[in-house]
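# Examining the three-dimensional arrangement
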Amino acid sequence: MALDLSVDAVLFDKDGTLFDFSATWDVFAARLIARLSDGDAARAARAADVLRFDLEAGRFLPDSPAIAGTNREIATLLAWVLPQDAAELERIIVEEAGRAPLVEAVPLVPLLAELAARGMMLGVMTNDTESVARAHLAEVGILGQFDFVAGADSGWGAKPSPDPLLAFAERVGVAPERVAMVGDSTHDLLAGRAAGMVCVGVLTGRAGPEVLGPHAEAVLPDIGHLPGWLDRRPGRR
């Protein structure tokens, strides 16, 4: 008897997955560094160095700890080189994140509607804060399309821990092995594998296929390719 490999739920990362990473978060980082440095070039250089952000190119480097890090982790790094303490830095980071320009990786409303029409339960788990995540999803008109939204501060921890992913599976009543975890970083995919989920990488973040491939069943150009992947996957309903 063939194994049933159906996917009944999809859990998305937010940044670099639902939203194009460069168009959204490179702009955020440039604004954040400018605000924190207050015209001091040396201070800006120190902040950019710990965040692994190329000030001249205006973009994060692929090994930046900020790409998959929580706001608290980013604030802790910046506190080593800036006069503000970590708590104040985290407050500023959250404030600036709420102002980040949101560029959808693909048109999200029709994609999510198509997945929901297939009977998929949908969720978002981000290492951003839950409040910022909800604000971002609401801003582009998709908050109501999700059955679950969690951030690093929602009580289940942050990726690469599998705990918030398992919380989604429990909330929607779907076995972890029938959940697809979709993300642009190894944090997403390692969390998915630890949770026993199907892992799908997307290339709308900073990591390439050579980085994501070893941890994923599939690596797609963007989440717009999910319906086609589901149609081609063995065991599809």
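Note that the coordinates shown come from a computational prediction; the quantities given were computed from them, not determined experimentally. (Residues numbered from 1 in each chain as written. Predicted model: local features only at pLDDT ≥ 70, side-chain atom pairs only at ≥ 80, totals over all residues. Heavy atoms only, no water.)

## Some words on the sheet that holds strand E1 (residues 9–12)
In plain terms, the rule: Note: two strands are recorded as paired if DSSP finds a minimum of 2 bridges between them. For the purposes of this entry, the term helix denotes a DSSP run of H or I that reaches at least four residues, the term strand denotes a run of E that reaches at least two, and both are numbered from the N terminus. To get an axis, fit a line to the C-alpha atoms, keeping to the stretch in contact for a helix; angles then go from 0 to 180 degrees between the N-to-C directions.
Read from one edge of the open sheet, six strands run E5-E4-E1-E6-E7-E8, paired in parallel fashion. Lying at the two open borders of the sheet, with one neighbouring strand each, are strand E5 (148–150) and strand E8 (218–220). Averaged over neighbouring strand pairs, the angle between their axes works out to 20° when direction is ignored. Note that strand E6 (residues 179–183) and strand E7 (residues 198–202) share four bridges and pair parallel. Its bridge partner lying in E7, Ala 180 is registered against Val 198.

## A look at the packing of aromatic side chains
Aromatic ring pairs are defined here through the distance separating the ring centres and the angle between the ring planes. Spelled out, the test is: Geometry of aromatic contacts follows a simple scheme: Phe, Tyr and Trp rings, the Trp one being its six-membered ring, pair when their centres are within 6.5 Å, and the pair is stacked under 30 degrees between planes, edge-to-face over 60, tilted otherwise.
In the structure shown here, the tally under the stated rule is six aromatic pairs. Taking the centre distance of 5.5 Å and the plane angle of 35° together, the rings of Phe 148 and Trp 156 count as tilted. Each member of the aromatic cluster is reached from another via a ring pair, and the members are Phe 21, Phe 53 and Phe 60.

## Brief notes about empty space enclosed by the protein
Heads up, the rule is: Definitions used for this entry: grid spacing 1 Å over protein atoms alone; cavity, a set of points where a 1.4 Å probe fits but cannot get out; pocket, an open set with protein on both sides within 12 Å along at least 5 of 7 lines; lining residue, one with an atom within 4 Å of a point. Grid points are joined across faces, edges and corners, and a volume is the space filled by probe spheres set on the points. We call Asp, Glu, Lys and Arg charged. Ala, Val, Leu, Ile, Met, Phe, Trp, Tyr, Cys and Pro are nonpolar, and the rest, Gly among them, are polar.
This structure, assessed with the given rule, holds one cavity of 30 Å³ or more. Here the largest cavity defines a volume of roughly 300 Å³. Around the largest cavity, the lining is made up of 25 residues, and of these Asp 15, Ala 66, Ile 67, Ala 68 and Gly 69 lie nearest the centre. A breakdown of the residues in the lining of the largest cavity according to their chemical character gives 13 nonpolar, six polar and six charged.

## Examining the environment of Ala 180
Note the threshold: Whether two residues touch is decided by their heavy atoms; if any such pair falls within 4.5 Å, the residues are in contact.
Here Ala 180 shows up in strand E6. Residues Ala 180 and Cys 199 lie 19 residues apart in sequence; the distance between their C-alpha atoms is 5.7 Å. Apart from residues no more than four positions distant in its own chain, Ala 180 is found in contact with Val 7, Ala 9, Val 10, Leu 11, Val 198 and Trp 229.

## Some points on helix H8 (residues 186–194)
Here is the rule we go by: Residue exposure (1.4 Å probe, protein chains only): buried if accessible area is under 20% of the type maximum, exposed if over 50%, otherwise partly exposed. Directions drawn from the helix axis to the C-beta atoms are what define this arc. Side-chain atoms alone can form a polar contact between residues adjacent in sequence; in general such a contact is a pair of N or O atoms within 3.5 Å, and within protein one must be able to donate a hydrogen while the other accepts it.
Within the span of H8, buried status applies to Asp 188, Leu 189, Ala 191 and Gly 192. Buried residues of H8, viewed axially, fall in a sector of 160°; they line one side. Its buried side turned inward, H8 meets helix H7 (163–172), E6, E7 and helix H9 (209–212). Residue Ser 185 occupies the N-cap position of H8, its side-chain oxygen lying 3.3 Å from the main-chain nitrogen of His 187.

## What about the nonpolar core?
Nonpolar side chains in soluble globular proteins tend to be buried together. This is how the line gets drawn: Think of a nonpolar core as a cluster: buried Ala, Val, Leu, Ile, Met, Phe, Trp, Tyr and Cys residues, connected wherever their side-chain atoms sit within 4.5 Å.
Counting 31 residues, the largest nonpolar core has Phe 12, Phe 146, Ile 223, Leu 226 and Trp 229 as its most contacted members. When residues of this core are traced back to their parent elements, those giving at least two are E1, helix H5 (108–117), strand E4 (121–125), helix H6 (130–139), E6, E7, E8 and helix H10 (226–232). For this core, the leading source of residues is H5, giving four residues. Apart from the residues lying within four places of it in its own chain, the contact partners of Trp 229 are Val 7, Ala 180, Val 198, Val 200, Glu 217, Ala 218 and Leu 220. If you look at the next biggest cluster of nonpolar residues, it comprises 26 residues, including Phe 28, Leu 36, Ala 75 and Ala 100.

## Overview of the packing of helix H3 (residues 71–79) against helix H4 (residues 86–97)
Spelled out, the test is: Note on angle classes: values under 35 degrees are labelled roughly parallel, values over 145 roughly antiparallel, values of 65 to 115 roughly perpendicular, and the remainder oblique. Helix crossings get a hand from a simple test, with the near helix turned counterclockwise from the far one by less than a right angle marking a left-handed crossing and a clockwise turn marking a right-handed one.
Between H3 and H4, the least distance of the axes is 8 Å, while the angle of their chain directions is 125°. Here H3 is positioned oblique relative to H4, judged by the angle of their axes. The two elements H3 and H4 cross, and the hand of that crossing is right-handed. Residue-level inspection shows Asn 71, Arg 72, Ile 74, Ala 75, Thr 76, Leu 78 and Ala 79 of H3 in contact with H4, the latter providing Ala 86, Leu 89, Glu 90, Ile 93 and Val 94. Residue classes in the contact of H3 with H4 are distributed as eight nonpolar, two polar and two charged.

## Concerning the pairing of E1
If a strand is regular, its side chains alternate between the two faces of the sheet. On E1, burial covers both faces: Ala 9 and Leu 11 on one face and Val 10 and Phe 12 on the other are all buried. When E1 meets E6, the two strands line up parallel, connected through four bridges. When the bridges of E6 are listed, Phe 12 appears paired with Val 182.

That's the geometry; what it means functionally is another story.
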